[in-house]
Amino acid sequence: MKSPLVGTAIDRVDGKKKVTGAQTYAAEVQVANVAHAVIVGSTIGRGKIKAIDARAAEAAPGVIAVVTHHNAPQFPGVTGQHEGNDRVVQGLQDDIVLYHDQPIAVVVADTLERAQHAATLVTAEYEAASTVADVEADLPAAFVPETPRGPLQTSRGDVAAGLAAATHKIDTTYRTPVETHNPMEPHATTAVWQGADRLTLYDSTQAISNVRRRLSGMLGLAPENVRVINHFCGGGFGSKGAPWSHVLLAAIAAKASGRAVKLACTRPQLQSLVGHRPKTVQKIELGADARGRLTAIRHDVVSETSRYDLFVESCTAVTRMLYACPNLATVQRIVRLDVPTPTFTRAPGESTGTFALESALDELAHAAGIDPLELRRKNHADHDPETGKPWSSKSLLECYRRAAEAIDWSRRPAKPRTVRDGRWLVGLGIATTTRPSRQLPSSARARVLADGRAVVQAGTQEIGTGTYTVMTQIACDALALPLGDVRFELGDTALPEAPPSVGSFTAASTGPAVHNACVALRKKLIDQAIGDPASPLHGLAADAIDAEDGALFAKADRKRRDGYAAIVGRSQQPEISVELHTEAHKDRDNFSVGGFGAVFARVRIDEELGELRLDRLVGAFAAGRILNPKTARSQLIGGMVWGIGQALHEHSVRDARTARMVTRDLADYHVPVHADVPDLEVLLVPEDDPHVNELGVKGLGELSTPGVAAAIANAVYNATGVRIRDLPITPDKLMKQPEPR
Amino acid sequence: MSSMTTPIAVGMVAPSFALHGDARRALSSSEARGRPWVLAFVRRWSPGADTEAIRAELRGLGAILFIVSDAGVWSFRPDDDLELSIAPSRQLRREIAALGARCGVGTRDDGVLVVDDAGIVRFAHAPSSELTSSLADALDAAGRELLGLPTRPGITRRDWAVMSLVAGFGLVLFHGCGGRGTEPAAPTTVVAKPGTEIEVVLRINGQDRRLKIDPRTSLLDALREHLALTGTRKGCDHGQCGACTVLRDGHAVNACLTLAVAAEGAEITTIEGLARGDRLHPLQAAFIEHDAFQCGYCTSGQIMSAVALLREGRSKTDDEVRQQMSGNICRCGAYPNIIAAIQAARKEV
Amino acid sequence: MKPFSYVRPADAKAAIAAAGTEGASFLAGGTTLIDLMRLEVMTPSAVVDLGRLAMTAIERAGDGVRIGAMARNSDVAMHPLVVERYPLLSQALLAGASQQVRNMATVGGNLVQRTRCPYFRDLAVPCNKRAPGSGCSALDGYTRSHAILGTSPSCIATHPSDMCVALAALDAVVHTRHGSRERAIPIGEFHTLPGEHPEVENVLGQGELITHVELPASPFAAHARYVKVRDRAAFAFALAAAAVGLDIADGRIRGARVALGGVATKPWRSAEAEQALVGQPPARATFERAAAAAIVDPKPRRDNAFKVALAQRTIVRALELAWGSP
Ligand SMILES: Cc1cc2nc3c(=O)[nH]c(=O)nc-3n(C[C@H](O)[C@H](O)[C@H](O)COP(=O)(O)OP(=O)(O)OC[C@H]3O[C@@H](n4cnc5c(N)ncnc54)[C@H](O)[C@@H]3O)c2cc1C
Ligand code: SF4
Ligand code: FES
Ligand code: FES
């Protein structure tokens, strides 16, 4: 038997494309005579458009159409901005302005340069209303919304009693700022109408089916008449999980201009038009007994949302399940602001919530004089404290052990400001990380063609996680074909439907679907051979047959073989194929499922100048079976880099007076660059989990982000004795306060 | 020469057809119901190198294409593999002849028929034999007709056809007209008035590419929008991300902040110009080996910067390499692997 | 981008003639101009491409060095003459921007580069520098990146250049040509304070071409240091930067240069700090006194108050490193 491909660190199957620039993204698909569309944004944060003047733009050279709310085509499903399912999409249907940079017009011209300039010629007069730009400017208005994104208010035990009984207590407030996804590929849509009621969208999305469903609804088209294609997505991190205004606007612009239209958002537009991580203000109370066992946790979160949507950054989800504690109360409230609506951002809720919880735990450890790692071990949740269910698998203790060993945790002095290296103060910090793991239903199709090779298809997406590669590995193993003989196709709604590439559940959802389809196809090939008098395997029992290298053989006599090509050839069909729908694994209901990990940071800080250097970042993670250690490690280091950004750099700033974004580009919105990132150390803790799904996969794209910011903040405390509760940790916050003269 | 016997005129209802040959399933015009379609008689065509160009044209038309050739019959959609084909047979030849007769295309002639989504013929063309050598080009002509665009001034259809033979790619030609000079513009004062186009010759990956562009066009947009060299990415358009990095005379620069006209006379290398045929540049190979990318959007820029870095040879330690590479943002966070790849490739470059 | 006429003159004379008309702008590396034209913050009617002009030489001029206006920032930073005689300039250039931008940016363009004030870059909001008389959005806005020195009620925008801070410390002279007139402008007089006219940033006339920069002989090469504090470890503008040079003889400071970046509306040379150093022994206490003297009457706003202390500490650090203390 050949050793399986699943579990081996093969190079990406799309690697060659990616290093030669051959893969194309949504704005790069070649379309003859394509026109270019540019969005014009509002310059007030709330109010009404009194007048909009498109004449100069219309008269500009090369302009084909200028669409405003006066002349936008009306579609049955595109409602006013306050109502309807698709209220987060602004499609030029009325004169209402709900946030700065909201689309108020779209200009279509024959070249990009002409469209860009003409867009600056559209002017508008407004009736502007006052705006609220920050949650803390309107805290009394915070409310618990009615939304399915819950539970938003939970309790178990008696928190007051738990706190009263506690020997050590912590009561602190943490803040995380607005963060913006800023994938490197700006959101883009190329829209092509085929006649009046068919539309193809090449869209930079993490969720082709989602785009099809939403757009067909908005445009009043039959879903099967909308085709969404995205073979490569240049990063999304949540911001491409659902269609935003520009997708609809591309379709509208194409309709209005009678041309195929390409619409790529500008980097400034990405700061406002495609969602963001909302600011959070998180109050945490912890109580612990003398030995450090948690007696109470209270976690109150206020986060921002827009006037027209109810988005909740679910910070408390982690708090409810991470530690064993009998008494717990959590609440999530939101404040409506005059801002575009927030959305899911890599490790939504977990990364922000974990920063607060894991910082608070560090504070508790210091208050109680207990080693922060020891404190976490003591409060380890052996089963899910929220549901009472057992974990399908959990290797957190092993993660702690291995990462602690790697970073030499035992030599960390408990007292802050102890380790000095020249100008630098050095400190170590720890945090736990976790992410729930989900499996969604998914379909897949497996086909063996006349030449004996296979094409396996699912309407999933490649967002950089390695979907092409791991699905190919899964299919090769299940079909007993070598690597070069399986082509995996994705990113097209013409293929069997698969879930969005969000929430780190692609491998755990579409992986099993691909596996099952391939297993079924293999079975079909076997049946075909058994039933075919011309096959050398004719008449054998199915379980007497195995497969290798694109051929079936009799287990009892390996020389009795029938190649796939021969089987297909004799079938008189061009191919033999199976399409299968796979539901979430039944066993899952009996368990709580999640990935866990431990992150340790070592920082050095120059207090005089406030400079911080991240020396080391070590993460140990366990997330079920690892399909490909190479791509898995990439996912994990990517998540850690996001954590570094959250800890040290990322901060979108709105002008307090107008609610307009001030940090409008990548020079002002800082994300980590090469020089900020040391060689990250990833330890993969193997885990064999029979309960999650056929493949034992949990998914790990977001697991390594939560915890990093807290580990760094905790290391900063260990180094300097300064507790930073307000991200990001910038030089001004690290500078030793000037001594009074 | 074309010989339209009963010319199908623009404005008429298109003929419906079903071609069976010896196949079980027919290939028929009803597949296209409700969307535009193109029926092309191209006798010498077989699936090959012009597939991408044809796809681009079809996307622009939003159409399905039926190709009738000596090698069989195909139905073709822009984003699918060849959907359905019917192998030649005597039966098929008879059906084709009948269909050709209804369309006014003789049995040895080429011709194109474009039908809109309401089933009305919008374009009927039985072009000369040179023209049909490039199906993409014929489709381009059809597309222009459909969109009501003027033919580019100063260029006759015949010129077009000849040039498309050279380039084999209608899309490129749209902007790349006017012969193939190799002399860079003379170093005298060049003037382009606002709003006028300017002719430039860019030397890209060792080839001279002649373009007529708006002087506002950046080198990046010239590559991406005019030359179909989309491997150079646009991440910010303001010098802040490095996705657009190309080599200008061997040095890494941001193509987004470079005016295309100002790049005349320089030797530009893009990611497409790095590999030698199938042989990857050592950095490209190292990027694969070290998994130095995830979504791949920053990758071209990272590699081009790294090529320049190794060529200069100044940065050696990991920290030096990190500093010099810091103009290339990777939002997926592949940084450690990128550094590893560069250090590994150093030995081979 | 607004349409413009593109001119590519073959020599300096033609360039100056072409740029003489109101609204014309020279194009060097384009890293400021194209950036701002794409935002339509700058809308020149004519772009005069200097790309064909031979002004790239870096050469000895007596004991000093003469650097052509079209010399690329990266070439200047790596040039042996500069590395040897003016390590301060080399360090400052390498602390700026990215490999790519340094390969494009020129000395002339860097001298004339414009502020990174985010409101200046956003057409939708008032800004006196971009649209004179419209008001300053930064004053009561988000001011983390803004200046504490040299500000006016009209504008508090920081001059973003690293190179110019080193040039200020090195007493550079900017040479220009305008028609047949040639000028030599000391770096300290080249940039202007915002005052009531923040739209005016330097003393260049319309169509006046920077031809080269001259650096006089410098006794500071042995003890010079550029220190830049920023929000990330690379590819970020300075929160505070200091360029210092010390001429130390017999245990005393014989001459000193101190210039600040990231905190002022123009490259900020501090005579006060230099005075506080000269004649003193090099020591932390001396450096601290000089740093305190450097910040005269700062005008911090809400988000940049930390720059007062940070600027001083950056000077102290630069002096310590220049002196050679660990
Ligand atoms: C992303 C990014 C990051 C950056 N980071 C930094 C940084 O950290 N530190 C830093 O110091 N700088 C930084 N810069 C700014 C950069 O240094 C300047 O943009 C550059 O120096 C300008 O030079 P240029 O040749 O590109 O000028 P251009 O853009 O070509 O021209 C700028 C201006 O100078 C004028 N000009 C050019 N040459 C002459 C001449 N010879 N005579 C008269 N006028 C002339 C032009 O007309 C124009 O008005 C950054 C820039 C970018 C885009
Ligand atoms: S500080 Fe200067 S540049 Fe910034 S908004 Fe005010 S006037 Fe404009
Ligand atoms: S696209 Fe040129 S640097 Fe970002
Ligand atoms: S690989 Fe996605 S941005 Fe670098």
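Residues numbered from 1 in each chain as written. Chains lettered and ligands numbered in written order. Predicted model: local features only at pLDDT ≥ 70, side-chain atom pairs only at ≥ 80, totals over all residues. Heavy atoms only, no water.

### Describing the interface of chain A and chain C
- The interface is formed by 35 residues belonging to chain A together with 40 residues belonging to chain C.
- Here chain A meets chain C over a buried area of about 3000 Å², counting both sides, of which 54% is carbon and sulfur.
- Looking only at chain A, the three residues that lose the most surface to chain C are A:Arg423, A:Glu608 and A:Leu609, adding up to 20% of its buried area.
- The residue C:Arg317 makes a salt bridge to A:Glu608 at a minimum N-O spacing of 3.1 Å.
- Between the two partners, chain A and chain C, sit 16 residue pairs in polar contact (both at pLDDT 80 or more). (Contact = heavy atoms within 4.5 Å. Buried area = accessible area lost by both parts, 1.4 Å probe. Salt bridge = Lys/Arg side-chain N within 4 Å of Asp/Glu carboxyl O. Polar contact = N/O pair within 3.5 Å; in protein donor to acceptor, adjacent residues only side chain to side chain.)

### Let's talk about the site of ligand 1
- Residues in contact with ligand 1 amount to 38 residues; listed here are only the nearest, C:Phe26, C:Thr31, C:Thr32, C:Leu33 and C:Thr106.
- Looking at the residues close to ligand 1, they fall on chains B and C.
- A distance of 2.7 Å separates an oxygen atom of ligand 1 from a polar side-chain atom of C:Thr106.
- At a separation of 3.3 Å, a nitrogen atom of ligand 1 approaches a polar side-chain atom of C:Gln113.
- Relative to its unbound accessible surface of 970 Å², ligand 1 loses 97% to contact with the protein.
- Elements with a contribution of two residues or more to the shell around ligand 1: strand E2 (24–27), helix H7 (107–111) and strand E8 (209–215) of chain C.
- Taken together, the residues that form the shell around ligand 1 break down as 18 nonpolar, 16 polar and four charged. (Near = heavy atom within 4 Å. Areas by Shrake-Rupley, 256 points an atom, 1.4 Å probe, with all protein chains shown as cover. Helix = DSSP H or I, 4+ residues; strand = E, 2+ residues; numbered from the N terminus. Nonpolar A, V, L, I, M, F, W, Y, C, P; charged D, E, K, R; others polar.)

### Concerning unusual backbone geometry
Residue and element names in this part refer to chain A.
- Look at the link from Leu 727 to Pro 728: it is a cis peptide, with omega at -5°.
- Unlike most non-glycine residues, Phe 237 shows phi in positive territory, near 60°.
- Inspection of the secondary structure puts Phe 237 in the loop between strand E11 (226–229) and helix H6 (245–257).
- By relative accessible area, Phe 237 is classed as buried at 12%.
- In this structure, Asp 408 is a non-glycine residue whose phi angle is positive, near 65°.
- Structurally, Asp 408 can be placed in the loop between helix H11 (396–407) and strand E16 (419–421).
- Taking relative accessible area as the criterion, Asp 408 reaches 37% and is therefore assigned partly exposed. (Buried < 20%, exposed > 50% of the residue type's maximum accessible area, 1.4 Å probe, protein only.)

### A few points about the confidence of the model for chain C
- Predicted confidence across chain C gives a mean pLDDT of 97, with 99% of residues reaching 70 or more.
- Scoring the predicted complex yields pTM 0.94 and, for the interface, ipTM 0.97. (pLDDT = per-residue confidence, 0-100.)

### Side note on the pairing of strand E1 (residues 5–8) of chain C
- Side chains C:Ser5 and C:Val7 of E1(C) all project onto a buried face; the interleaved residues C:Tyr6 and C:Arg8 project onto the opposite face, where all are buried too.
- Examined bridge by bridge, strand E9 (residues 190–192) of chain B and E1(C) share three bridges and lie antiparallel to one another. When the bridges of E1(C) are listed, B:Val190 appears paired with C:Arg8. (Pairing = 2+ DSSP bridges.)

### Remarks on empty space enclosed by the protein
Residue and element names in this part refer to chain C.
- Here the structure, examined in full by the defined rule, presents ten cavities of 30 Å³ or more.
- If you add up the space inside the largest cavity, you get close to 150 Å³.
- In terms of lining, the largest cavity is formed by 20 residues, of which the most central are Lys 129, His 159, Thr 192, Glu 201 and Thr 265.
- Of the residues contributing to the lining of the largest cavity, the split by class is nine nonpolar, eight polar and three charged.
- One number sums up the size of the second largest cavity: a volume of about 80 Å³.
- Taken together, 14 residues form the lining of the second largest cavity, with Cys 117, Cys 127, Cys 136, Cys 155 and Ala 157 sitting closest to its centre.
- Within the lining of the second largest cavity, the residues separate by chemical class into nine nonpolar, four polar and one charged. (1 Å grid on protein atoms, 1.4 Å probe; cavity = no way out; pocket = protein on both sides within 12 Å on 5 of 7 lines; lining within 4 Å. Points joined across faces, edges and corners; volume = space filled by probe spheres on them.)

### Comments concerning the site of ligand 2
Residue and element names in this part refer to chain C.
- Near ligand 2 you find 14 residues, and of these Cys 117, Cys 127, Cys 136, Cys 155 and Ile 156 are the closest.
- Of the pockets mapped on this structure, ligand 2 occupies the second largest cavity.
- In terms of residue class, the shell around ligand 2 is made up of nine nonpolar, four polar and one charged. (Sits in = over half its atoms within 2 Å of the grid points.)

### A short note on the interface of chain B and chain A
- Taken residue by residue, the interface counts 74 residues in chain B and 82 residues in chain A.
- Across the interface of chain B and chain A, roughly 6000 Å² is buried in total on both sides, 53% from carbon and sulfur atoms.
- On the chain B side of the contact with chain A, B:Gln294, B:Arg331 and B:Tyr335 bury the most area, a combined 14% of that side's loss.
- Along the contact surface separating chain B from chain A lie six salt bridges.
- The tally of links from chain B across to chain A stands at 37 residue pairs in polar contact (both at pLDDT 80 or more).
- Residue assignment for the side of chain B that touches chain A shows that the elements contributing at least two residues are helix H1 (51–61), helix H4 (135–147), helix H6 (170–175), helix H7 (219–226), helix H8 (282–289), helix H9 (299–312), helix H10 (318–324) and helix H11 (335–346) of chain B.
- Here the side of chain B that touches chain A is built from residues that sort into 27 nonpolar, 21 polar and 26 charged.

### Structural notes on the sheet that holds strand E14 (residues 294–306) of chain A
Residue and element names in this part refer to chain A.
- Across the sheet, which stays open at both edges, the five strands sit in the order E7-E15-E14-E13-E8 with mixed pairing between neighbours. Of all strands in the sheet, those with a lone pairing partner are strand E7 (153–156) and strand E8 (168–176), marking the two edges. The mean angle between the axes of side-by-side strands here comes to 10°, regardless of whether they run parallel or antiparallel.
- Where helix H9 (residues 350–368) meets the sheet, its contacts fall on E8, strand E13 (280–288) and E14, and the angle it forms with E8 comes to roughly 150°. (Axes fitted to C-alpha atoms, helices over the stretch in contact; angles between N-to-C directions.)

### Notes on helix H5 (residues 208–219) of chain A
Residues and elements named next belong to chain A.
- Taking 1.5 Å per residue, twelve residues should reach 16 Å; H5 reaches 16 Å between its end C-alpha atoms and fits that length.
- Restricting attention to buried positions, one finds in H5 the residues Ile 208, Ser 209, Asn 210, Val 211, Arg 212, Arg 214, Leu 215, Ser 216, Met 218 and Leu 219.
- Where the residues of H5 are buried, they touch strand E9 (188–193), strand E10 (199–203), E11 and H6.
- Two residues or fewer after H5 comes Gly 220, characterised by a positive phi angle close to 70°. (Expected span 1.5 Å × (residues − 1).)

### Section: the packing of helix H15 (residues 629–648) of chain A against helix H16 (residues 708–720) of chain A
All names here are of chain A.
- Taken N-terminus to C-terminus, the directions of H15 and H16 make an angle of 50°; their axes are 7 Å apart at the nearest point. When the interaxial angle is binned, H15 and H16 end up oblique. Here H15 and H16 pass one another in a crossing that is right-handed. Together, Met 640, Gly 643, Ile 644, Gln 646, Ala 647 and Leu 648 of H15 and Val 708, Ala 709 and Ile 712 of H16 make up the contact between the two elements.
- A class-by-class count of the residues in the contact of H15 with H16 yields seven nonpolar, two polar and no charged. (Parallel < 35°, antiparallel > 145°, perpendicular 65-115°, else oblique. Left-handed = near helix turned anticlockwise from the far one by under 90°.)

### Thoughts on the environment of A:Glu497
- Along the polypeptide, A:Glu497 turns up in the loop between strand E20 (486–489) and helix H13 (506–531).
- Non-local contacts of A:Glu497, meaning those with residues more than four positions away in its chain, are made with A:Ser209, A:Ser442 and A:Ser443.

### Focus on H15(A)
Residue and element names in this part refer to chain A.
- The first and last C-alpha atoms of H15 sit 28 Å apart over 20 residues, in line with the 28 Å expected at 1.5 Å per residue.
- Among the 20 residues in H15, 18 count as buried, and that is most of the element.
- Where H15 begins, one side-chain oxygen reaches toward the backbone nitrogen of Lys 630, 2.9 Å away; that side chain belongs to Asn 628.

### Things to note about the nonpolar core
- Core analysis: the biggest nonpolar cluster contains 178 residues, and A:Leu552, A:Phe600, A:Ile712, A:Ile729, B:Phe287 and B:Ile342 have the highest contact counts within it.
- A per-element tally of this core places H13(A) first, with eleven residues.
- Excluding anything up to four places from it in sequence, A:Phe600 contacts A:Leu373, A:Tyr400, A:Ala403, A:Ala404, A:Ile407, A:Trp409, A:Gly429, A:Ile430, A:Arg616, A:Leu617 and A:Val618. (Core = buried A, V, L, I, M, F, W, Y, C linked by side-chain atoms within 4.5 Å.)

### Brief notes about the pairing of strand E4 (residues 58–61) of chain C
Residue and element names in this part refer to chain C.
- Inspection of the sheet shows E4 paired to strand E5 (residues 64–68) by four bridges, in the antiparallel sense. What sits directly across from Glu 59, in E5, is Arg 66.
- Remark: two residues form the turn of the hairpin made by E4 and E5, two consecutive strands paired antiparallel; Gly 62 in that turn has positive phi of roughly 60°.

### Here's the deal with the packing of H8(B) against H11(B)
Residue and element names in this part refer to chain B.
- At a closest axis distance of 8 Å, the pairing of H8 and H11 adopts a crossing angle of 135°. By the angle between their axes, H8 is oblique relative to H11. Of the two elements, H8 crosses H11, and the hand of that crossing is right-handed. Contacts between H8 and H11 pair Pro 282, Leu 283, Ala 286 and Phe 287 from the former with Ile 338, Ala 341, Ile 342 and Ala 345 from the latter.
- Among the residues forming the contact of H8 with H11, the class breakdown is eight nonpolar, no polar and no charged.

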